[in-house]
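Structural overview
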2 protein chains.
Amino acid sequence: MEQQYVVGVDVGGQTSKIGIVDARGVVLVQSVIRSDNHVEPEGFVSELAEAIKALIVKSGKEGQIRGIGVGAPNGNYYSGEIAFAPNLAWAATAVVPFSKMLSEALGGLKVTLTNDANAAAMGEMAYGAAKGMKNFIMITLGTGVGSGIVINGEVLYGSDGFAGELGHTIAIRHNGRQCGCGRFGCLEAYCSAIGVARTAREWLEMSDEPSVLRDIDKITSKDVYEAAKEGDKLAIKVFNYTGKILGASIADFIAFSAPEAIVLFGGLARAKEFLYEPVLNSMNENVLSLWRGKVKLLFSQLKESDAAILGASALAW
Amino acid sequence: MEQQYVVGVDVGGQTSKIGIVDARGVVLVQSVIRSDNHVEPEGFVSELAEAIKALIVKSGKEGQIRGIGVGAPNGNYYSGEIAFAPNLAWAATAVVPFSKMLSEALGGLKVTLTNDANAAAMGEMAYGAAKGMKNFIMITLGTGVGSGIVINGEVLYGSDGFAGELGHTIAIRHNGRQCGCGRFGCLEAYCSAIGVARTAREWLEMSDEPSVLRDIDKITSKDVYEAAKEGDKLAIKVFNYTGKILGASIADFIAFSAPEAIVLFGGLARAKEFLYEPVLNSMNENVLSLWRGKVKLLFSQLKESDAAILGASALAW
């Protein structure tokens, strides 16, 4: 029988999503397991393998699965390893030979790994906002800031599989905030969900400006988004500031690879109504004149979990 | 008869160099013409075509030329055009269909164009410091700062042919110097020959520090280099500062494409003795830890004119 289906897996910090996908990109069935209740990779991989087997049975496509594609934080396409992923307890301090382990647990089915942002970029290229594009940069605005860079229709991996760490380029070189990576001024320290919440908290402390956010104890980026939707001026200014920094960094990314479009993706990208104009304006103000007004700014058209599953599944073809 | 030779042309602001090159990268004969005595593209292209014909005759390889490869400032690989090149009087304010014009003047011989930094990167990859490498970034430190980015063994052109304008990424976002492009804080405003001279002049003005440079009227980067070789402390500090800024920018470039090496090229790269350590230290201090100490910093091994001619010639195969 022809092997005309693949499995796409999106490994996240809290949950991991699994989907059985056909050649047209339709997710036939999907399921979710927790990823945060294991501190050893063996336990997680074993649970994931069982969940994949169960989903294959449920889909009725046993014997027709060509392979497994996995997107995971710090996943390396070349080595098949997940190494030092701060948000994965079972891989936070170790180099985990993930593809090999999962393949063995699945009786030898081929497993292909990449990082979550690259998987999302592949999903967006095959089925989303970047459909048909050969050159674009996807920037994932989640807990952190990640990126998947597509050049001539292929994800850029670089010499070691780690290319595309745009969240850790320096956005603010002068008195920049400390980033989770230990350095100062990274884009991620400003334009992630954590960065947005931090900007709001800093501004509330520094000023007396009234804001509904003053009533909230531990402010999250979601709170800032909700406040902005209610018309809270400080919250809207937080998004303006975030967009301005992101747009200036994007201007530099454009000078590197001259993409046709920038695609924003992830939880924070849902705040499109507050981010689109500040990012686009800042990008065009800061970019070299030859690209001014020429590079598209797009927001993902796929549900987050779908993009990641579909992108990961695309690896397995 | 087999067409086993190509012509490489390096178009510069003052002069243009022409070489007949064999398949092993040996420049059989070469010649030079001026490029700064024309204000119309027709005049320059016609003179260049005559010089190419004469050199082919001199080489004795008539009828054996496969094509012409040209590296030129602002040369576009996709369109064959040279557009708005500030250092070329005959193309400073116009879009010149260079490949088409030169090909017609040479009786239909195929002409392939790219920008000068890309041509140098191809030369370095085929015959120089980056021989055998598939992923590296060449940074040309000349009057300006250019770059040629190689990914999976191919020069990166992006969606429009203009990828790799790393001299116009922002090195200093806070009170940055104005760049020739009109924006502020570009890498080129600090790490070009002009930038080095400017740093020296600014520092001499701002301080009373003794320096042999005080005796020079219009300081150039060459003067700063000569002074540094004599042990002049201020001149050495100028190179330290330049290297520090360049290294910090390189750290961001690494996060984009994860190259195996950075190759420095061009007039200023001759000051290797004063730039190597500052650039390498700054690059490793600023880069994300996963790349610390792992990316090679190389200086071009080819004579400048050779790299450009050889790189341009490689286009013609």
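Residues numbered from 1 in each chain as written. Chains lettered and ligands numbered in written order. Predicted model: local features only at pLDDT ≥ 70, side-chain atom pairs only at ≥ 80, totals over all residues. Heavy atoms only, no water.

Once that is clear, we can look at the overall build of chain A. The helix and strand inventory of chain A stands at 9 helices and 12 strands. Relative to the globule expectation of 20 Å for 317 residues, the C-alpha radius of gyration of chain A, 20 Å, shows essentially globular dimensions. Counting only C-alpha atoms, chain A reaches 65 × 45 × 35 Å along its principal axes. Relative to its full complement of 317 residues, chain A shows a buried share of 58%. Put simply, 61% of the contacts in chain A that link residues at least 6 apart link residues at least 24 apart. As presented, chain A carries roughly 13100 Å² of accessible surface, and 50% of it is formed by carbon and sulfur atoms. (Helix = DSSP H or I, 4+ residues; strand = E, 2+ residues; numbered from the N terminus. Rg over C-alpha atoms; globule rule 2.2 N^0.38 Å. Buried < 20%, exposed > 50% of the residue type's maximum accessible area, 1.4 Å probe, protein only. Contact = heavy atoms within 4.5 Å. Areas by Shrake-Rupley, 256 points an atom, 1.4 Å probe, with all protein chains shown as cover.)

Before going further, it helps to spend a moment on the interface of chain B and chain A. The interface is formed by 38 residues belonging to chain B together with 38 residues belonging to chain A. Here chain B and chain A share an interface that buries about 3100 Å² over both sides, 59% of which is from carbon and sulfur atoms. Together, Arg173, Phe256 and Leu288 of chain B form the three largest contributors to the area buried by chain B at its contact with chain A, with a combined 25%. At the junction of chain B with chain A, the criterion picks out 2 salt bridges. Elements that contribute at least two residues to the side of chain B that touches chain A include exactly strand E9 (145-151) and helix H7 (233-257) of chain B. Counting residues per element, the side of chain B that touches chain A draws most heavily on H7 of chain B, at 7 residues. Here the side of chain B that touches chain A is built from residues that sort into 21 nonpolar, 10 polar and 7 charged. (Buried area = accessible area lost by both parts, 1.4 Å probe. Salt bridge = Lys/Arg side-chain N within 4 Å of Asp/Glu carboxyl O. Nonpolar A, V, L, I, M, F, W, Y, C, P; charged D, E, K, R; others polar.)

The full count for this structure, using the stated rule, is 2 cavities of 30 Å³ or more. Estimated volume of the largest cavity: approximately 170 Å³. Around the largest cavity, the lining comprises 16 residues; the ones closest to its centre are Thr169, Asp252 and Phe253 of chain A together with Asp252 and Phe253 of chain B. Of all the elements in the fold, those that place two or more residues in the lining of the largest cavity are helix H7 (233-257) of chain A together with H7 of chain B. (1 Å grid on protein atoms, 1.4 Å probe; cavity = no way out; pocket = protein on both sides within 12 Å on 5 of 7 lines; lining within 4 Å. Points joined across faces, edges and corners; volume = space filled by probe spheres on them.)

What follows concerns helix H8 (residues 272-286) of chain A. Residue and element names in this part refer to chain A. For H8, which comprises 15 residues, the first-to-last C-alpha distance of 20 Å matches the rise-based estimate of 21 Å (1.5 Å per residue) to within 8%. Those residues of H8 not exposed but buried are Phe274, Leu275, Pro278, Val279, Ser282, Met283 and Asn284. Where H8 is buried, its residues touch strand E8 (136-141), helix H6 (221-229), H7, strand E11 (261-265) and strand E12 (296-299). (Expected span 1.5 Å × (residues − 1).)

Moving on, we get to unusual backbone geometry. Here alanine 258 of chain A, not a glycine, exhibits a phi torsion of approximately 45°, which is positive. Positionally, alanine 258 of chain A belongs in the loop between H7 and E11. Its identity as a non-glycine residue notwithstanding, asparagine 74 of chain B has a phi of 60°, on the positive side. The topology assignment puts asparagine 74 of chain B in the loop between strand E4 (65-72) and strand E5 (82-83).

Glancing now at the pattern of salt bridges. Applying the stated criterion across every chain, the model contains 20 salt bridges over all chains. Put simply, arginine 34 of chain B and aspartate 36 of chain B hold a salt bridge, and the shortest N to O gap is 2.9 Å. Under the relative-accessibility criterion, aspartate 36 of chain B is labelled partly exposed at 36%. Among the ionic pairs, glutamate 260 of chain B bridges to lysine 296 of chain B, the shortest N-O distance being 3.5 Å. You can see glutamate 260 of chain B sitting in the loop between H7 and strand E11 (261-265) and its partner lysine 296 of chain B sitting in strand E12 (residues 296-299), a full 36 residues away along the chain. Among the ionic contacts, a cluster of salt bridges with common partners joins Arg177, Arg198 and Glu202 of chain A.

Attention shifts here to the relation of the copies chain B and chain A. With an RMSD of 0.0 Å, chain B superimposes on chain A once it is rotated by 180° and translated 0.0 Å along the axis. Here the two chains are linked by the operation of a two-fold rotation axis. In this assembly the copies share their binding face: 100% of the residues contributing to the interface of chain B also contribute to that of chain A. (Least-squares fit on C-alpha atoms with pLDDT ≥ 70 in both.)

For the rest of this paragraph, the subject is the nonpolar core. Ile262 of chain A together with Ile262 of chain B are the most contacted members of the largest nonpolar core, which has 110 residues in total. Apart from residues no more than four positions distant in its own chain, isoleucine 262 of chain A is found in contact with Ile137, Ile139, Ile250, Ile254, Met283, Val295, Lys296, Leu297 and Leu298 of chain A. (Core = buried A, V, L, I, M, F, W, Y, C linked by side-chain atoms within 4.5 Å.)

Take the side chain of serine 211 of chain B next. All names here are of chain B. On the secondary structure map, serine 211 appears in the loop between helix H5 (193-206) and helix H6 (221-229). What makes serine 211 buried here is its relative accessible area of 11%. Here the side chain of serine 211 touches aspartate 232 through a polar contact of 2.9 Å, side chain to side chain. Not counting residues within four places of it along the chain, the set of residues in contact with serine 211 comprises Leu204, Asp232 and Leu234. (Polar contact = N/O pair within 3.5 Å; in protein donor to acceptor, adjacent residues only side chain to side chain.)

This paragraph deals with the packing of H7 of chain A against H8 of chain A. Residue and element names in this part refer to chain A. Between H7 and H8, the least distance of the axes is 7 Å, while the angle of their chain directions is 40°. Regarding the angle of H7 to H8, the classification is oblique. When you trace H7 past H8, the crossing you get is right-handed. Contacts between H7 and H8 involve Ile236, Phe239, Asn240, Thr242, Gly243, Lys244, Leu246, Gly247, Ala248, Ile250, Ala251 and Ile254 on the former and, on the latter, Phe274, Leu275, Pro278, Val279, Ser282, Met283 and Asn286. Among the residues forming the contact of H7 with H8, the class breakdown is 12 nonpolar, 6 polar and 1 charged. (Axes fitted to C-alpha atoms, helices over the stretch in contact; angles between N-to-C directions. Parallel < 35°, antiparallel > 145°, perpendicular 65-115°, else oblique. Left-handed = near helix turned anticlockwise from the far one by under 90°.)

A few words on the sheet that holds strand E1 (residues 5-11) of chain B. Residues and elements named next belong to chain B. Spatial strand order, E3-E2-E1-E4-E7: 5 strands in an open sheet with mixed pairing. With one partner strand each, in any of the chains shown, strand E3 (27-34) and strand E7 (111-115) form the two edges of the open sheet. Strand-to-strand twist of the sheet, defined as the mean angle between neighbouring strand axes without regard to direction, takes the value 20°. By the bridge criterion, 7 bridges tie strand E2 (residues 15-22) to E3 in an arrangement that is antiparallel. Paired with valine 21 across the bridge in E3 is valine 27. The sheet contacts of helix H3 (residues 116-127) involve E4 and E7, and relative to E7 the element is tilted by about 100°. The sheet contacts of helix H9 (residues 304-315) involve E1, E2, E3, E4 and E7, and relative to E1 the element is tilted by about 130°. (Pairing = 2+ DSSP bridges.)

Because each turn of an α-helix spans 3.6 residues, side chains separated by three or four positions end up pointing in the same direction. Residue and element names in this part refer to chain A. End to end, helix H3 (residues 116-127) covers 16 Å across 12 residues, agreeing with the expected 16 Å (1.5 Å per residue, within 8%). Of all 12 residues in H3, 9 are buried; the element is thus mostly enclosed. Two or three places before alanine 117, at the start of H3, stands the capping residue asparagine 115, its side-chain oxygen 2.9 Å from that residue's backbone nitrogen.

The analysis is restricted to geometry; functional conclusions fall outside its scope.
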